[in-house]
Amino acid sequence: MDERKVILLTGASRGIGHATVKRFDREGWRVLTCSRQPFDPRCPWGGEDDHIQLDLADPQQTMNAIAEIHNRLDGKLHALVNNAGISPKTKEGGRLSALETDLRTWGQVFHVNFFASIVLARGLKEELCAAKGSVVNVTSIVGSRVHPFAGAAYATSKAALKALTREMAHDFGPLGVRVNAIAPGEIETSILSPGTEKIVENIPMRRLGQPSEVADLIYYLCSDASSYVTGTEIEVNGGQHV
């Protein structure tokens, strides 16, 4: 009997994360989830034993969670998907510019969007190596351009995560672990801002992406179909980047 593969996914409670849970569950994987929210008993996937309540904005909490995750694993982790991300807004719900973002907010954003990715990957290195696993970092199209809604801290954290993906691929590669990034554009989730329809008019495919389309790409990067793919960032944005 083939071993059941295991994925650890951050930011699993909605949008791309929720779609990814469903995709991997459908393929028979055991899905461990991390989020700020407690386990919801209405969730049809897994159970409380497969959920770690964790605020990635707190670096001590993140480091402490490694031991708990170790205990939930059976020596192997086949995939780590760093999907959690926060994008603070102004009081009016607008874009937080570099001039308006205070240091505490920069720190919170970078802890969740950037530092947590390497803390988890490094902390779970042995399990990833044992499984010859895959790491997928979820970056963003805003890592390479100013966006009308995404703030400066969010955009720069995603640009940094792209660079970290390259460094991780170089360092984890000799250990048999692949590291890639995906950069979504305008995906139809609850965090879309009013006015997104104006952006859609200039996307070559003239539509929003669906969370399931992003989840399919994440699954590809965690499967044997991408066994020689590492150190890359794949755009998933309907051609918005062209």
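Refer to the preceding data block for the structure.
Below is a short write-up of the structure. (Residues numbered from 1 in each chain as written. Predicted model: local features only at pLDDT ≥ 70, side-chain atom pairs only at ≥ 80, totals over all residues. Heavy atoms only, no water.)

**Considerations on the packing of helix H1 (residues 15-26) against helix H7 (residues 211-222)**
The relative placement of two packed helices comes down to the angle between their axes together with the axis-to-axis distance.
Alright, step 1. With their axes 8 Å apart at the nearest point, H1 and H7 run at an angle of 55° to one another. With respect to H7, the element H1 is oriented oblique. When you trace H1 past H7, the crossing you get is right-handed. Where H1 approaches H7, its residues Gly15, Ile16, Ala19, Thr20, Arg23 and Phe24 are matched on the opposing element by Pro211, Ser212, Val214, Ala215, Asp216, Ile218, Tyr219 and Cys222.
Alright, step 2. Class assignment for the residues of the contact of H1 with H7 results in 9 nonpolar, 3 polar and 2 charged. (Axes fitted to C-alpha atoms, helices over the stretch in contact; angles between N-to-C directions. Helix = DSSP H or I, 4+ residues; strand = E, 2+ residues; numbered from the N terminus. Parallel < 35°, antiparallel > 145°, perpendicular 65-115°, else oblique. Left-handed = near helix turned anticlockwise from the far one by under 90°. Contact = heavy atoms within 4.5 Å. Nonpolar A, V, L, I, M, F, W, Y, C, P; charged D, E, K, R; others polar.)

**Re the nonpolar core**
Alright, step 1. Of all hydrophobic cores here, the largest spans 31 residues; its most connected members are Leu8, Ile69, Leu77 and Leu80.
Alright, step 2. Put simply, the parts of the chain that give this core at least two residues each are strand S1 (6-10), strand S2 (30-35), helix H2 (59-72), helix H3 (103-123), helix H4 (125-131) and helix H5 (152-172).
Alright, step 3. Looking at which element gives the most residues to this core, the answer is H3, with 6 residues.
Alright, step 4. Apart from residues lying up to four places away in sequence, Leu77 is in contact with Val6, Ile7, Leu8, Leu124, Glu127, Leu128, Ala131 and Gly133.
Alright, step 5. Counting 21 residues, the second largest nonpolar core, distinct from the first, contains Ile7, Val31, Ile182 and Tyr219. (Core = buried A, V, L, I, M, F, W, Y, C linked by side-chain atoms within 4.5 Å. Buried < 20%, exposed > 50% of the residue type's maximum accessible area, 1.4 Å probe, protein only.)

**Focus on the pattern of salt bridges**
Pairs can form between side chains of opposite charge once their charged atoms are near each other.
Alright, step 1. Taken as a whole, this structure holds 8 salt bridges when the rule is applied.
Alright, step 2. Across the pair Lys76 and Glu3 runs a salt bridge, and its minimum N-O distance is 3.5 Å. Here the residue Lys76 occupies a position in the loop between H2 and strand S4 (79-82), and Glu3 occupies one in the segment before S1, the gap between them amounting to 73 residues.
Alright, step 3. The class of Lys76 is partly exposed, set by a relative accessible area of 29%.
Alright, step 4. As a salt-bridge pair, Glu27 and Arg23 come within 2.4 Å of each other at their nearest N and O atoms. (Salt bridge = Lys/Arg side-chain N within 4 Å of Asp/Glu carboxyl O.)

**Some details on the sheet that holds S4**
Think of a sheet as strands paired side by side through backbone hydrogen bonds, with each pair either parallel or antiparallel.
Alright, step 1. Strand order in the open sheet made by the 7 strands is S3-S2-S1-S4-S5-S6-S7, with parallel pairing throughout. Every other strand in the sheet has two partners, leaving strand S3 (51-53) and strand S7 (233-236) as the edge strands with one partner each. Direction aside, neighbouring strands of the sheet carry axes that sit 15° apart on average.
Alright, step 2. Where strand S6 (residues 178-184) meets S7, 4 bridges bridge the pair, whose relative direction is parallel. Note that in S7 the partner of Ala183 across the bridge is Glu235.
Alright, step 3. Relative to the sheet, H7 contacts S4, strand S5 (134-138), S6 and S7, its axis offset from that of S6 by approximately 170°. (Pairing = 2+ DSSP bridges.)

**Regarding the environment of Leu208**
Alright, step 1. Assignment of secondary structure puts Leu208 in the loop between helix H6 (196-200) and H7.
Alright, step 2. Relative accessible area serves as the criterion here: at 19%, Leu208 is assigned to the buried category.
Alright, step 3. Taking the C-alpha atoms as reference points, Leu208 and Ile141, separated by 67 residues in sequence, lie 13 Å from one another.

**Some points on the pairing of S1**
Alright, step 1. For S1, a buried count of 5 out of 5 residues is recorded, marking the element as mostly surrounded by other parts of the structure.
Alright, step 2. Alternating residues of S1 divide into Val6, Leu8 and Thr10 and Ile7 and Leu9, and every residue in both groups is buried.
Alright, step 3. Pairing of S1 with S2, which is carried by 5 bridges, proceeds in the parallel orientation. Opposite Ile7, over in S2, you have Val31 as the bridge partner.
Alright, step 4. Handedness of the β-α-β unit built from S1, H1 and S2 comes out right-handed. (Right-handed = clockwise from strand over helix to strand, strands pointing away.)

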